[in-house]
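Coordinate inspection notes
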Amino acid sequence: MSIGIKPLGARVVIKRIEAEEKTASGILLTGAAKEKPQIAEVLAVGPGTEDEKMELKAGDKVIFSQYAGTDVKYEGEEVSIMSQRDILAIVE
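Residues numbered from 1 in each chain as written. Predicted model: local features only at pLDDT ≥ 70, side-chain atom pairs only at ≥ 80, totals over all residues. Heavy atoms only, no water.

All right, on to the pairing of strand β2 (residues 39-45) then. Note that strand β1 (residues 11-16) and β2 share five bridges and pair antiparallel. Its bridge partner lying in β2, I14 is registered against V42. Relative to strand β3 (residues 61-64), β2 is paired through three bridges, and the arrangement is antiparallel. Counterpart to A40 in the pairing with β3 is V62. (Pairing = 2+ DSSP bridges. Helix = DSSP H or I, 4+ residues; strand = E, 2+ residues; numbered from the N terminus.)

Here it is, written out as structure tokens:
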């Protein structure tokens, strides 16, 4: 999937996976009450660097640091660009 953004070095482009709109007990959450999700899908990866090999690939589902990355709006989509170091885990 080509999104038109090609990250450089050991950076990745991710799209957050939307947070749940309802709690386990059935309470609906407003936009302000929902936490920003920390799980995302990797849309594009850079080539890596000599010091940091790229371990992620497009399509991976990941957990990332809460305040990491730069949010960008590109062609109507909201994505984040961040360093691979800010990715904490791959969700299997």
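With that settled, consider a nonpolar patch on the surface. A cluster of nonpolar side chains, I17, I39, I63, L88 and V91, forms an exposed patch at the surface whose accessible area comes to about 360 Å². Positionally, I39 belongs in strand β2. According to the relative accessible area criterion, I39 is partly exposed, its value standing at 36%. (Patch = residues over 30% accessible without salt bridge, like charges linked within 9 Å, V, L, I, M, F, W, Y side chains within 5 Å. Areas by Shrake-Rupley, 256 points an atom, 1.4 Å probe, with all protein chains shown as cover. Salt bridge = Lys/Arg side-chain N within 4 Å of Asp/Glu carboxyl O. Buried < 20%, exposed > 50% of the residue type's maximum accessible area, 1.4 Å probe, protein only.)

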